[in-house]
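# Examining the three-dimensional arrangement
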Amino acid sequence: MYVVKSPLSDENLKTVSEALQGALVDLVDLSLVAKQIHWNVVGQRFRSVHLQLDEVVTLARTHTDTVAERAAALGVSPDGRAATVAVGSGIGVTPEGWVDDTAAVSAMVDALGAVIARMRERVDATGEADPVSQDLLIAVTGDLEKQHWMFQAENG
């Protein structure tokens, strides 16, 4: 079987692969959480929150692919399986059933905040090991922080 050879040292590859895999898991889960809330949000702000949740889903899915492909380019097999995501995500429990728009926004603020905190740790960890992967993680974090800001502004 052909295996992609990384240009990174074994030590740096370990650091970067852990960061990319963690980012992949969090992004997959974030897309699932946002879609679950999207299907169940109710309230006076239904439409705006519903549409904003789809923005997060699209953003997370796009970045999921970018992160997974970066890992593959470095010779690391990305793992986005449901079981892996279930045990590795840093996002808390998603509300069950119908979710009032205010609670939906709060849940997204919490979910985005959790992912952003972990992403910032990954940005720090990859700086010396692989500036290319770090740059990718910085871009992802910036996009997530923009969504975090927008959801925080929703509930004022």
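This text follows the structure it describes.
Keep in mind that this is a model prediction, so the values were computed, not measured.

Along its length, the protein carries five helices and two strands. Relative to the 2.2 N^0.38 estimate, which gives 15 Å for 156 residues, the radius of gyration of the protein is 16 Å and therefore close to what a compact globule would have. Overall size of the protein, expressed as C-alpha extent along the three principal axes, is 55 × 30 × 20 Å. Residues classed as buried in the protein amount to 46% of the 156 residues present. Considering only contacts within the protein whose residues lie at least 6 apart along the sequence, 84% involve residues at least 24 apart. Here the protein has roughly 8200 Å² of accessible surface; of this, 56% comes from carbon and sulfur atoms. Across the protein, the 12 positively charged side chains and the 22 negatively charged ones have centroids separated by 3 Å.

Interhelical geometry of helix α1 (residues 10–40) versus helix α2 (residues 46–73) gives an angle of 160° and a closest axis separation of 8 Å. Classed by the angle they form, the pair α1 and α2 counts as roughly antiparallel. Between α1 and α2 lies a crossing whose hand is left-handed. Of the residues that constitute the contact of α1 with α2, the class distribution is 15 nonpolar, five polar and four charged.

Glancing now at α2. Over its 28 residues, α2 runs 41 Å from end to end, which matches the ideal 40 Å to within 8%, given 1.5 Å per residue. G75 sits one or two positions beyond α2 and adopts a positive phi of about 90°.

Further remarks concern the environment of S48. Along the polypeptide, S48 turns up in helix α2. Overall, S48 belongs to the partly exposed group, its relative accessible area being 36%.

Let us now look at the nonpolar core. Counting residues in each nonpolar core, the largest one holds 46 residues, and the members touching the most others are L30, L53, V67, M108, L137, L144 and F151. Listing elements by their share of this core, those giving two or more residues are α1, α2, α4 (101–126) and α5 (131–155). Looking at which element gives the most residues to this core, the answer is α1, with 13 residues. Discounting chain neighbours no more than four positions away, the residues touching L144 are L27, L30, L59, L112, V115, I116 and M119.

Turning to the side chain of Q52, a few remarks are in order. Counting through the fold element by element, Q52 comes out in helix α2. A relative accessible area of 7% places Q52 in the buried class. When sequence neighbours within four positions are dropped, the list of residues in contact with Q52 reads Q147, M150, F151 and E154.

What counts, and where the lines are drawn
Residues numbered from 1 in each chain as written. Predicted model: local features only at pLDDT ≥ 70, side-chain atom pairs only at ≥ 80, totals over all residues. Heavy atoms only, no water. Helix = DSSP H or I, 4+ residues; strand = E, 2+ residues; numbered from the N terminus. Rg over C-alpha atoms; globule rule 2.2 N^0.38 Å. Buried < 20%, exposed > 50% of the residue type's maximum accessible area, 1.4 Å probe, protein only. Contact = heavy atoms within 4.5 Å. Areas by Shrake-Rupley, 256 points an atom, 1.4 Å probe, with all protein chains shown as cover. Lys, Arg positive; Asp, Glu negative; His and termini not counted. Charge placed at Lys NZ, Arg CZ, Asp CG, Glu CD. Axes fitted to C-alpha atoms, helices over the stretch in contact; angles between N-to-C directions. Parallel < 35°, antiparallel > 145°, perpendicular 65-115°, else oblique. Left-handed = near helix turned anticlockwise from the far one by under 90°. Nonpolar A, V, L, I, M, F, W, Y, C, P; charged D, E, K, R; others polar. Expected span 1.5 Å × (residues − 1). Core = buried A, V, L, I, M, F, W, Y, C linked by side-chain atoms within 4.5 Å.

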